[in-house]
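Descriptive analysis of the structure
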Amino acid sequence: MRLIVIFFLGGFFGLIIGVSLPSLAITKLNLPYGVLPSIDLSCIRGSNAWSFMKNNDSISSQDQLINNSSKIWVPTNPRGAERLPPGIVKAESDLFLRRLWGRPSEDLTFKPKYLVTFTVGYEQKKNIDAAFSKNFTILLFHYDGRTTEWDEFEWSKQAIHVSVHKQTKWWYAKRFLHPDIVAPYEYIFMWDEDLGVEHFNAEEYLKLVRKHGLEISQPALEANKGLCWNMTRRRNDSEIHKEAQERPGKCKYPHLPPCAAFVEIMAPVFSRDAWRCVWHMIQNEFVHGWGLDFAFRKCVEPAHEKIGVVDAQWVVHQGIPSLGNQGEAQIDGKPPWRAVKERCGMEWGMFQGRLANAEKAYYKSKGIDFSNLVVHN
C-alpha cells in the first residue's frame, strides 16, 4: 500500500515540476554526433525546435540572402547565378581552341571573327575544302560518323568536329549553337554540304552584306540549276537584291515571303543579333527546319530591307540528296528518301500552325484583334 501511495505522489510531483519548468530547447543540447538526426523533431510540438522549423519554412532562402548582408544575392545575374559575385560570372562562351599549357592569356594570338558550320558526310568533302579564310572558325557536324578521315586537310586539324549519326543541321544548331556560345562571332553561316563554292569568296560576300545593311542573307544560286524560288535566283545586273517576282498567286503581299524578306534554309547567313532571335524560334523536335525560312522575317525590322540575296557572290546548289539516304525503309514499302521528305513537309505544316497559334495567343492576351495584323507581321 505504501508503495502505491509513493508511486502516485511521485507522479503528481513530477507533473507539477514538468509544467512549471521552461520548454526544453533541444536545439541547444550538446548531443553526440548521430543522435540528433534520429529524433523526429516534428513530434516535439511544444518545443523551441518545432517553432524554429515552422518559422524557417516560411522564409525563403532568397529572403534570407537579401536580408543577410554577409551573403551574396544578385538578382541581375543570369538565372541560377544569383549567389555569385558579378565579377566572376561569365554568361557567354566561345568556340576558340586553347592550349593545355602556358599562360591562358597567351593562348589566342588570333581570334576568328566569323563562324561557318556545315552538316556533312565525308563524300562531300571537296565542297568544304575551299572558300573560307582564317577569319572563320569552321565547325563540322558529321551525320555519318566519319571524322578522322577529314584530317587529310590541314585546316581540319584546327576545325571543330561534332559527330552524331543521322542528325540534321537544325538539330545540331539548337543544341550546339546557343547564342551565348557563338556570341563572339559577327556572322554565323549555316550551310548545307552540297554547295559548289567556285564563285564564292566569303570575305567579299561580307563586304556586300555590310554595305547593304543585311542582317539575314544568302549567296545567290546559279540560275541553270533547279530552283524553288525566284527570290534566290542569281541576277547578273546587281550586287544584291531584296525582292522578286514569283508565279501568279505566290505573292499576295509584295513585302512578304517568298517575294521579299526571304532566304532559303540551305545557305543562310545571320548577324549575331539576328541569330539570337532565330535560335529561339527553332523547335526542338522539328529537325529539318522547313518553314523557318518563311519566318526569319520575324527577327529583323523592317524585314524587307534587312533580308536579301547577294548576287555578286554566288554558289551552285548541287542537289545531292545525302540526308535522304540516311533515312530508313518503311514497313509500307516507302524508300528512305521519301519517308524523310514526308517528315519535312509534316514539320513545315506543324511549325506554321504552332507559330500562328503563338501569335494569336499573344495578341489575344493584349486585347488586340489578330486578324487585322496578319498582313503586317
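Keep in mind the model is a prediction, meaning the values are calculated, not measured.

Scanning the protein chain for helices and strands turns up 10 helices and 9 strands. Counting only residues that meet the buried cut, the protein chain has 38% of its 377 residues in that class. Taking as baseline every contact in the protein chain between residues at least 6 positions apart, the subset at least 24 positions apart corresponds to 64%. For the protein chain, the exposed area adds up to about 22,700 Å²; of that, 55% sits on carbon and sulfur atoms.

A few words on empty space enclosed by the protein. Under the counting rule described, the total for this entry stands at 2 cavities of 30 Å³ or more. Considered as a void within the structure, the largest cavity measures approximately 70 Å³ in volume. Trp 170, Met 281, Ile 282, Gln 283, Phe 286, Gly 289, Trp 290, Leu 292, Glu 347 and Phe 351 are the residues that line the largest cavity. In the lining of the largest cavity, the residues fall into 7 nonpolar, 2 polar and 1 charged. Estimated volume of the second largest cavity: approximately 40 Å³. If you go around the second largest cavity, the residues you meet are Pro 179, Val 182, Ala 183, Ile 188, Arg 272, Trp 275 and Arg 276. The greatest single-element share of the lining of the second largest cavity, amounting to 3 residues, is contributed by helix α7 (residues 272-281).

This part is about the packing of aromatic side chains. The full count for this structure, using the stated rule, is 31 aromatic pairs. Residues Phe 136 and Phe 189 carry aromatic rings whose centres are separated by 5.3 Å and whose planes lie at 75 degrees to one another, so their mutual orientation is edge-to-face. Linking Phe 136 in strand β2 (residues 136-142) with Phe 189 in strand β4 (residues 187-191), this pair joins segments that are 53 residues apart in sequence. Given the relative accessible area of 0%, Phe 189 is considered buried. With 4.9 Å between their ring centres and 55 degrees between their planes, Phe 262 and Phe 294 make a pair best called tilted. One end of the pair, Phe 262, is in the loop between β7 (240-241) and β8 (269-271); the other, Phe 294, is in helix α8 (residues 292-295), and 32 residues separate them in sequence. Phe 294 carries the same exposure label as Phe 262, and that label is buried. An aromatic cluster is present here, built from Tyr 114, Phe 118, Phe 132, Phe 136, Tyr 187, Phe 189, Trp 191, Phe 200 and Tyr 205 joined pairwise through their rings.

Moving on: the packing of helix α5 (residues 169-176) against α7. Two elements in contact, α5 and α7, have axes separated by 10 Å at closest approach and are oriented at 110 degrees. In terms of axis orientation, α5 runs roughly perpendicular to α7. Of the residues in α7, those touching α5 at Trp 170, Ala 173 and Lys 174 are Trp 275, Trp 279 and His 280.

Before going further, it helps to spend a moment on α5. The element α5 is extensively covered by neighbouring structure, given that 6 of its 8 residues are classed as buried. Taken as a whole, α5 has its buried residues at Lys 169, Trp 170, Trp 171, Tyr 172, Ala 173 and Lys 174.

Moving on, we get to the pairing of strand β9 (residues 307-317). Of all 11 residues that make up β9, 9 are buried, and the element is covered over most of its length. Bridging between strand β5 (residues 195-196) and β9 involves 2 bridges; their strand directions are antiparallel. Among the inter-strand pairings, Gly 196 is bridged to a residue of β9, identified as Val 316. Relative to β9, strand β6 (residues 216-221) is paired through 6 bridges, and the arrangement is parallel. Its bridge partner lying in β9, Ile 216 is registered against Ile 307. Here β7 runs beside β9; their pairing, made up of 2 bridges, is antiparallel. Pairing of Ile 240 across the sheet is with Val 310, part of β9.

What counts, and at which threshold
Residues numbered from 1 in each chain as written. Predicted model: local features only at pLDDT ≥ 70, side-chain atom pairs only at ≥ 80, totals over all residues. Heavy atoms only, no water. Helix = DSSP H or I, 4+ residues; strand = E, 2+ residues; numbered from the N terminus. Buried < 20%, exposed > 50% of the residue type's maximum accessible area, 1.4 Å probe, protein only. Contact = heavy atoms within 4.5 Å. Areas by Shrake-Rupley, 256 points an atom, 1.4 Å probe, with all protein chains shown as cover. 1 Å grid on protein atoms, 1.4 Å probe; cavity = no way out; pocket = protein on both sides within 12 Å on 5 of 7 lines; lining within 4 Å. Points joined across faces, edges and corners; volume = space filled by probe spheres on them. Nonpolar A, V, L, I, M, F, W, Y, C, P; charged D, E, K, R; others polar. Phe/Tyr/Trp six-rings, centres within 6.5 Å; stacked < 30°, edge-to-face > 60°. Axes fitted to C-alpha atoms, helices over the stretch in contact; angles between N-to-C directions. Parallel < 35°, antiparallel > 145°, perpendicular 65-115°, else oblique. Pairing = 2+ DSSP bridges.

Keep in mind these values describe shape, not function.
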